[in-house]
Amino acid sequence: MKNLNPILLGLMLLVFFGCTAVKKHQKKGIVNPKDFDENIEFTTIKSLIVLPVEINGTSKKFIFDTGADYSLIQRDSTIGKTSKVSGASKRKAVLGREIIKSMKFGSIDFRNTSALNGDLVGLKEQIPNFGGLIGQSIISKANWLIDYPNKKLRISNRNLVDNSFKRIQIKRKNGAPYTYITIDGVKHKVIIDLGSTSEFNLPRESELARQLLEKYKFDNHKRKRYTLGGLQNIDEKVGVIPSIKLGDFEFKEIRTTINVSSQPRIGMAFFKDCKIYIDNINNSYQIKK
């Protein structure tokens, strides 16, 4: 696999759709069989989860992205009705809409789910056999137990954890999970974006970014970033926050980036030492360190 520049994949928001329409499209489709429980091994690129998926009978590699309102299918040209969509860096792209007849994870078949499609230039070249992103139109239909240290994923319609896991506070918007972290005794709302390689990322114009820049040491940094619309060169501030609390857990020495971004987010790298349980039956997130 080629050496990959840092990737940031962010929340997909349809500019022309309201919340009701987003939820309606996310609910489309069914899971077959109705009772399911499957174990799948995954690989990673940077910190992102890459899953083997069979889409309409063809095997592809997909990135697991809780910050994406819909799944996003890699196509060299758009098909279906098009809409303008904005991503994590506030850039916009024109994407098509379609219904995917079948997306299989092992023996579990997600049928007739909504998806967006477009040409993800800059990303498709770096992930062999790249198929796209798995978003909330599929994630919301099952429970997902992510054992990140051991690179294992369990997908089921059953409860998968015991009381050794601790629930964290979650609020949802269009299916995307938001929670609260505590820095220096103050709570801040962030999205849990497992399609982002960031540990902790902040918009540079935010009040929290200003406060952290005043209190902690940050260095200037240049890099390439992939977000909706392709690769871009960015200037950012990079520093380390000594402690961030999430529920009953304390995360230490968190690499923090401040740049052009749509909203504060904690990414997959934040949870690199954890097991994460996405419980869509009880609408909760639970973690175990």
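Predicted model, so just to flag it, every value in this text is computed and none were measured. (Residues numbered from 1 in each chain as written. Predicted model: local features only at pLDDT ≥ 70, side-chain atom pairs only at ≥ 80, totals over all residues. Heavy atoms only, no water.)

A. Examining the packing of aromatic side chains more closely. What the rule picks out here adds up to 8 aromatic pairs. Taking the centre distance of 5.7 Å and the plane angle of 80° together, the rings of Phe105 and Trp144 count as edge-to-face. With Phe105 in strand β9 (residues 92-105) and Trp144 in strand β12 (residues 143-147), this residue pair connects regions lying 39 residues apart in the sequence. By relative accessible area, Trp144 is classed as buried at 0%. Through a chain of ring-to-ring contacts, three or more aromatic side chains come together here, namely Phe64, Phe105, Phe110 and Trp144. (Phe/Tyr/Trp six-rings, centres within 6.5 Å; stacked < 30°, edge-to-face > 60°. Helix = DSSP H or I, 4+ residues; strand = E, 2+ residues; numbered from the N terminus. Buried < 20%, exposed > 50% of the residue type's maximum accessible area, 1.4 Å probe, protein only.)

B. Seen up close, the pattern of salt bridges. Evaluated as defined, the whole model comprises 15 salt bridges. We note a salt bridge from Arg75 to Glu98, for which the minimum N-O separation is 2.8 Å. Here Arg75 is found in the loop between β7 (71-74) and β8 (82-86), whereas its partner Glu98 is found in strand β9, with 23 residues between them in sequence. A salt bridge links Lys222 to Asp235; the nearest nitrogen and oxygen atoms lie 2.6 Å apart. Remark: Asp235 occurs in strand β20 (residues 230-246) and Lys222 occurs in strand β19 (residues 218-227); sequence separation between them is 13 residues. Among the ionic contacts, a cluster of salt bridges with common partners joins Asp35, Asp37, Arg154 and Arg158. (Salt bridge = Lys/Arg side-chain N within 4 Å of Asp/Glu carboxyl O.)

C. Quick look at the confidence of the model for the chain. Model confidence for the chain is summarised by a mean pLDDT of 89, while 89% of its residues fall at 70 or above. Residue range residues 1-18 is modelled with pLDDT below 50. Its contacts to residues more than four positions away, or to other chains, number 85 contacts. (pLDDT = per-residue confidence, 0-100. Contact = heavy atoms within 4.5 Å.)

D. Region of interest: the sheet that holds strand β3 (residues 37-41). Spatially, 6 strands are ordered β3-β13-β12-β23-β24-β14 in an open sheet, and the strand pairing comes out antiparallel. Of all strands in the sheet, those with a lone pairing partner are β3 and β14 (166-168), marking the two edges. Strand-to-strand, the axes of this sheet are offset by a mean angle of 20°, without reference to chain direction. Pairing analysis gives 4 bridges linking β12 to strand β23 (residues 275-279), with the strands arranged antiparallel. Looking at β23, one finds that Leu145 is bridged to Tyr277. (Pairing = 2+ DSSP bridges. Axes fitted to C-alpha atoms, helices over the stretch in contact; angles between N-to-C directions.)

E. Representation of the pairing of strand β10 (residues 108-118) within the structure. Of all the 11 residues making up β10, 9 are buried; the element is thus mostly covered by neighbouring parts of the structure. As defined by bridge partners, strand β2 (residues 30-32) adjoins β10 across 3 bridges and the pair is classed as antiparallel. Considered in β10, the bridge of Val31 is made with Phe110. Looking at chain direction, β7 and β10 are connected through 4 bridges and run parallel. Residue pairing across strands places Ser71 opposite Ala115, the latter belonging to β10. Sheet topology note: the β9/β10 ladder contains 9 bridges and is antiparallel. Looking at the pairing, Ile99 lines up with Ser114 of β10. Turn length for the β9-β10 hairpin, with the two strands adjacent in sequence and antiparallel, is 2 residues, and the turn residue Gly106 shows positive phi of about 65°.

F. Just the environment of Gly106, in detail. As for its placement among the helices and strands, Gly106 is situated in the loop between β9 and β10. The spatial distance from the C-alpha of Gly106 to the C-alpha of Glu38 is 6.9 Å, given a sequence separation of 68 residues.

G. Geometry of the environment of Leu72. Here Leu72 shows up in strand β7. The exposure class assigned to Leu72 is buried, which follows from its relative accessible area of 2%. Between the C-alpha atom of Leu72 and that of Asp119, which follows or precedes it by 47 residues, the distance is 9.7 Å.

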